[in-house]
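# A look at the structure
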Amino acid sequence: MKCAESAVVEAPTGLVVRVAVDAPQHSGLNAPLDYASERVLASGSLVRVPLGKRELLGIVWPGDAIGEPAPALRPVTAVFDALPPLGPAWCRLLDFAAGYYQRSVGELASAVLPPQLRELSPEQLSARLRKLHKKPARAAAAEPVRPALAAEQAEAVARIQAQLAAPSPKPMLLFGVTGSGKTEVYLRAAEAALASGRQVLVLVPEINLTPQLEARFTERFAALLPEPLAIVSLHSALTPAQRLQNWLAAHLGRARLVLGTRLAVFASLPDLGLIVVDEEHDPSYKQQDGARYSARDLAVWRAHDAKVPVVLGSATPSLESWQHAESGRYERLTLTTRIGGGALPRVKLFDMKALPPSAGVTTALTAPLLAALKERLDRGEQSLVFLNRRGYAPVLHCGECQWKSDCPHCSAWRVFHKRDRTLRCHHCGFTERVPQACPNCGNHDIAPLGRGTERLEEQLAEALPGARVMRIDADSTRRKGELEAQLQAVHDGDVDILVGTQMITKGHDFRRIRFVAAVNPDGALFSSDFRAPERLFALLMQAGGRAGRDAAGESPAEMWVQTWHRDHALYQALARHDYVRFARDQLAERQSAGLPPFAHLALLRAEARTAEAAQAFLAAAAELMQDDGVLVYPPVPHAVARVADVERMQMLLEAPQRGRLQACLRAWVPALIALKRERSAEFRAVLRWAVDVDPLAI
Ligand code: ADP
Ligand code: ZN
Ligand code: ZN
């Protein structure tokens, strides 16, 4: 690796600097490490330092070094002088997040900084910076047309403006039904913050939604922000060079508006003035490996720390945020009506029990549903059919010997994909050609069981000849540009029936859809995960929200839900679009069961070659728990216990207060690191362990 020549001189009589560097957690090197430097380095400076035999990116960390200058201290190898240091607010954010989620600052920094920073030498980075300054200006843009605000929007914007001027603004929850114009509120709030010379950060849950959002923000602000790189996005689908460029633009203050997915919450924003978190309830805001942070929660912390407003927007807020609004910790802004007077779709709870035993083509495509789709088709209207399961069928089955297409490496079925005739494991990726005959008994009659989107697409096309059916899911959009093209076809009216997974239920401003059907949503009602009803309700409200967004259609918009449990409280609340009622019921249940947001949880996860080893490690960990006020549940297997031949177990911790849980984890995690190290022979089969604070999936 190429190193810079600056500051490489060994300096026994020099200074000691603290550097945050990505040391492996299990090495026990959690705090920033001391290095020698021949000159003073400002906190937040990017440097390269040796660690063991490697040379790593590091950040000079605020705070006093612990050690004395000593000949044994290794020197900083290079300094990225061309880059202004990361600010104190950014370092505080990292300190907080690392402490809260029980990771080292160095590890977290390395995970959230653009990957290219790790590869470039100081000279190469200087070159990138020069290039950034030479970016040509964009073509002059026309003054945007701003729609007149609806009364509720105007009220919400006024209250955000009041918070923008407040010395210690309160977080705000923008509770607005689908199609009520939340994005316009974000745009106006951003405009106000930009006008006062501040940077704005807008977070969205899905990469898929960034192009659409970027287009809307660019259209609105291109004239106001003509400088190159004044509006940038940050997400993992950018090329490494783009990601570095956009990150640098934000860090240098050139980017005034930063749009991104969860990782963007860590953008360096020296003039931050406003944070918006769209669809704040979305589970994608929680990182699912490494440092398992919640970008939504960190956005709230960051806004509080920077004394700037944060707007959390949703039609179905997370129960955590809703409870904060109820208790008055957050200010609630409410949009109750759809823009343009479009009504929310009428919800029809179709009772599967009422079907005569032999009716319909299949149970998922009931005859009445097909009739309803046909009616819309004849009127030239678009419909959306939603099923949260991709592939053709979730499992292949042999009627002779009862063989099923299980995955040899996971405790899961392999999904049958008819298109490319494969059996694919959605957990470990293991893929094989579909066998000609049962691999167990040779029977040629192996058949798909159940239904995924691929099969639904096929059956719809068969049952409704002439209908233009299109499927959108992770399989149909694998290649770059495919999703955009597919969405465009929907917008252009080249599609009659859109079939897909939750991918199509989120955020899209479809104007022509008047009918939405959920064919098989019951599964989540009886899940062991206490958050499953909350997720299902949000998903169905979102899906329904895609219908009737344009009031111009002559027929009423409708949502069709096929269920065996039509009297269930969740569906009854859904039928009335009554989030408030649903939230009240759920919160009452959570309170009496002692669940979040009335209790605080952490999971210790262990992955091992055998379930016994994982279990033994968790049991030993439980014995090290010092605090009687933290309840430790017995270890249980993960919902999918084995993935890629690794056994996964987890153990739940529960505490009445967040502070209590945090204090306990602070003492416990180092004890776990020591446990694994000191009894390494005993726990050899344990491959990994990690703490997940505020876990989303239990
Ligand atoms: P939400 O995010 O709440 O579902 P959107 O922000 O997508 O809703 O708004 C729905 C539609 O209404 C969009 O097409 C948007 O351009 C339009 N819209 C929003 N506010 C106004 C307004 N004040 N006047 C006219 N159209 C508006
Ligand atoms: Zn068989
Ligand atoms: Zn597998």
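Here's what I pulled together on the structure shown here. These numbers were taken from a predicted model, which means no experiment stands behind them. Residue positions are given per chain, counted from 1 along the sequence in the order it is written. Following the order in which they are written, the chains are lettered starting with A and the ligands numbered starting with 1. Totals for whole chains, interfaces and linings use every residue, but because this is a predicted model, local features are given only for residues with pLDDT of at least 70 and side-chain atom pairs only at 80 or more, for both listing and counting. Note: side-chain values were computed over all heavy atoms of the structure, leaving out hydrogens and water.

### A closer look at the overall build of the protein
Strands here are runs of E lasting at least two residues and helices are runs of H or I lasting at least four, both read from the DSSP assignment and numbered beginning at the N terminus. When its secondary structure is counted, the protein shows 18 helices and 28 strands. Here the C-alpha radius of gyration of the protein, 27 Å, is about what a compact globule of 698 residues would show, namely 26 Å. With respect to the three principal axes, the spread of C-alpha positions in the protein is 90 × 65 × 50 Å. Within the protein, the fraction of its 698 residues that count as buried is 55%. Restricting to contacts in the protein with at least 6 residues of sequence separation, those with at least 24 account for 75%. Here the radius of gyration uses the C-alpha set of atoms, whereas the globule reference equals 2.2 Å times the residue count to the power 0.38. Under the scheme applied here, a residue whose accessible area is under 20% of the maximum for its type counts as buried, over 50% as exposed, and between as partly exposed, the area being computed with a 1.4 Å probe on protein chains only. In what follows, a contact means two residues having at least one pair of non-hydrogen atoms within 4.5 Å.

### Regarding the packing of helix α14 (residues 532-544) against helix α16 (residues 579-593)
In the contact formed by α14 and α16, the axes pass within 11 Å of each other and the chain directions differ by 170 degrees. Judged by the angle between their axes, α14 and α16 are roughly antiparallel. Residues Pro533, Glu534, Phe537 and Met541 of α14 pack against Tyr579, Phe582, Gln586 and Arg590 of α16. The class makeup of the residues in the contact of α14 with α16 is five nonpolar, one polar and two charged. Inter-axis angles, ranging from 0 to 180 degrees, are taken between N-to-C directions of lines fitted to C-alpha atoms, where helices are fitted over the stretch in contact. Roughly parallel covers angles under 35 degrees, roughly antiparallel covers those over 145, roughly perpendicular covers 65 to 115, and oblique covers all other angles. Residues are grouped as follows: nonpolar covers Ala, Val, Leu, Ile, Met, Phe, Trp, Tyr, Cys and Pro; charged covers Asp, Glu, Lys and Arg; every other residue, Gly included, is treated as polar.

### Details of the sheet that holds strand β13 (residues 346-351)
Strand pairing in a sheet relies on backbone hydrogen bonds, with the paired strands running either antiparallel or parallel. Think of it this way: DSSP has to see at least two bridges between two strands before they count as a pair. One open sheet holds the six strands; their spatial order is β13-β23-β22-β14-β21-β20, and the pairing between them is parallel. Sheet topology places β13 and β20 (469-472) at the edges, where each strand pairs with a single neighbour. For this sheet the average axis-to-axis angle between neighbouring strands, irrespective of direction, equals 20 degrees. Summarising the sheet, strand β14 (residues 382-386) and strand β22 (residues 513-518) pair through five bridges and their orientation is parallel. Paired with Gln382 across the strands is Ile513, a residue of β22.

### Some points on the packing of aromatic side chains
Stacked, tilted and edge-to-face are the three classes applied to pairs of Phe, Tyr and Trp rings, where Trp contributes its six-membered ring and a pair requires centres within 6.5 Å; stacked means planes under 30 degrees apart, edge-to-face means over 60, and tilted covers the rest. Applying the stated criterion across every chain yields a total of 15 aromatic pairs. A centroid spacing of 5.5 Å and a plane angle of 25 degrees characterise the contact between Phe96 and Tyr100, whose relative ring orientation is stacked. Of the two residues, Phe96 and Tyr100 are both situated in helix α1 (residues 88-100); the distance of four residues between them amounts to about one turn of the helix. Three or more aromatic residues link up through ring pairs in this structure, and these residues are Phe175, Trp322, Phe537, Tyr579 and Phe582. If you follow Arg332 out to its NZ or CZ, it ends over the ring of Trp322, 4.5 Å from the centre. Both a distance and an angle decide whether a charge sits over a ring: NZ of Lys or CZ of Arg must be within 6 Å of the ring centre and within 35 degrees of the ring normal. One cation-aromatic arrangement involves Lys348 over Trp560; the distance from NZ or CZ to the ring centre is 5.7 Å.

### A few points about the sheet that holds strand β10 (residues 272-277)
Taken together, seven strands build an open sheet; the order of strands is β8-β9-β7-β10-β11-β6-β12 and the sheet is parallel. Of all strands in the sheet, those with a lone pairing partner are β8 (231-234) and β12 (331-335), marking the two edges. Pairwise comparison of adjacent strand axes, ignoring direction, gives a mean angle of 20 degrees for this sheet. Bridging between β10 and strand β11 (residues 310-314) involves three bridges; their strand directions are parallel. Each residue of the ladder has a partner; that of Val277, found in β11, is Leu312. Across the sheet, helix α5 (residues 151-165) touches β6 (172-176), β10, β11 and β12, and the angle it forms with β12 is around 160 degrees.

### Structural notes on the packing of α5 against helix α6 (residues 182-195)
For any two helices packed against each other, one specifies the crossing angle of their axes together with the interaxial distance. α6 packs onto α5 with a crossing angle of 30 degrees between their chain directions and a minimal axis gap of 9 Å. On the basis of their axis angle, the class for α5 and α6 is roughly parallel. Of the two possible hands of crossing, α5 and α6 adopt the one that is right-handed. Listed contacts from α6 to Gln153, Ala156, Val157, Ile160, Gln161 and Leu164 of α5 are Glu184, Val185, Arg188, Ala189, Ala192 and Ala193. For the contact of α5 with α6, a count of residues per class yields eight nonpolar, two polar and two charged. Working rule for handedness: look at the near helix, and if it is turned counterclockwise from the far one by less than a right angle, call the crossing left-handed; if clockwise, right-handed.

### Details of the coordination of the zinc ion (ligand 3)
Tetrahedral metal sites with four donors have an ideal angle of 109.5 degrees; octahedral sites with six donors have ideal angles of 90 or 180 degrees. Donors, by definition, are the N, O and S atoms found within 2.8 Å of a metal, the threshold being 3.2 Å for Na, K and Ca, and water is not counted, so a site can look incomplete. For the zinc ion (ligand 3), the protein coordination sphere consists of Cys407 (SG), Cys410 (SG), Cys425 (SG) and Cys428 (SG), at 2.3 Å. Geometry assignment treats four donors as tetrahedral when all angles are between 85 and 135 degrees, treats four as square planar and six as octahedral when opposite donors are over 155 degrees apart and all others between 65 and 115, and treats everything else as irregular. Relative to the metal, the four donor atoms surrounding the zinc ion (ligand 3) lie at angles of 105 to 113 degrees, and the coordination shape comes out tetrahedral. One chain supplies every donor to the zinc ion (ligand 3), and in sequence these donors are spaced C-x2-C-x14-C-x2-C. Classification of Cys425 by relative accessible area gives buried; the value is 3%.

### Looking at the site of ligand 1
Whether a residue is near a molecule or strand is decided by its heavy atoms; if any one of them lies within 4 Å of it, the residue is near. Residues in contact with ligand 1 amount to 18 residues; listed here are only the nearest, Ala148, Gln153, Gly179, Lys182 and Asp509. Note that an oxygen atom of ligand 1 is positioned 3.0 Å from one of the backbone N or O atoms of Thr183. We define a polar contact as two N or O atoms separated by no more than 3.5 Å, with the added condition that, inside protein, one atom must be a possible hydrogen donor and the other a possible acceptor, whereas residues neighbouring each other in sequence contribute only through side-chain atom pairs. Take Arg216: an N or O atom from its side chain is 3.4 Å from an oxygen atom of ligand 1. Shrake-Rupley sampling with a 1.4 Å probe provides the accessible areas, and residues are treated as covered by the protein chains on show and by no other component. Here ligand 1 loses 78% of its free accessible area of 560 Å² to cover by the protein chains. Per-element accounting of the shell around ligand 1 gives the leading share, three residues, to α6.

### Details of the environment of Val469
Assignment of secondary structure puts Val469 in strand β20. Each C-alpha atom, one on Val469 and one on Ala299, is 40 Å from the other, the two residues being 170 residues apart in sequence. Discounting residues that sit within four places of it in the chain, Val469 has contacts with Glu457, Leu460, Ala461, Ile497 and Val499.

### Here's the deal with the coordination of the zinc ion (ligand 2)
Listed as protein donors to the zinc ion (ligand 2) are Cys398 (SG), Cys401 (SG), Cys438 (SG) and Cys441 (SG); their distances from the metal cover 2.2 to 2.4 Å. For the zinc ion (ligand 2), the four donor atoms in the first shell make angles of 105 to 113 degrees at the metal, a pattern classed as tetrahedral. Assessed through its relative accessible area of 0%, Cys398 is described here as buried.

### Quick notes on the side chain of Ser321
Considering the arrangement of structural elements, one finds Ser321 in helix α10 (residues 319-327). By relative accessible area, Ser321 is classed as buried at 2%. Side-chain polar atoms of Ser321 contact the side chain of Ser318, separated by 3.0 Å. Discounting residues that sit within four places of it in the chain, Ser321 has contacts with Leu173, Glu280, Arg296, Leu312 and Tyr330.

### Some remarks on unusual backbone geometry
The residue after Pro596, namely Pro597, is reached through a cis peptide bond having omega 5 degrees. With respect to the helices and strands, the residue Pro597 is situated in the loop between α16 and β24 (600-608). Of note in the backbone geometry, Asp645 takes a positive phi value of approximately 65 degrees without being a glycine. Residue classification places Asp645 among the partly exposed residues on the basis of a relative accessible area of 40%. The backbone phi angle of Asp694 is positive, close to 50 degrees, even though this residue is not glycine.

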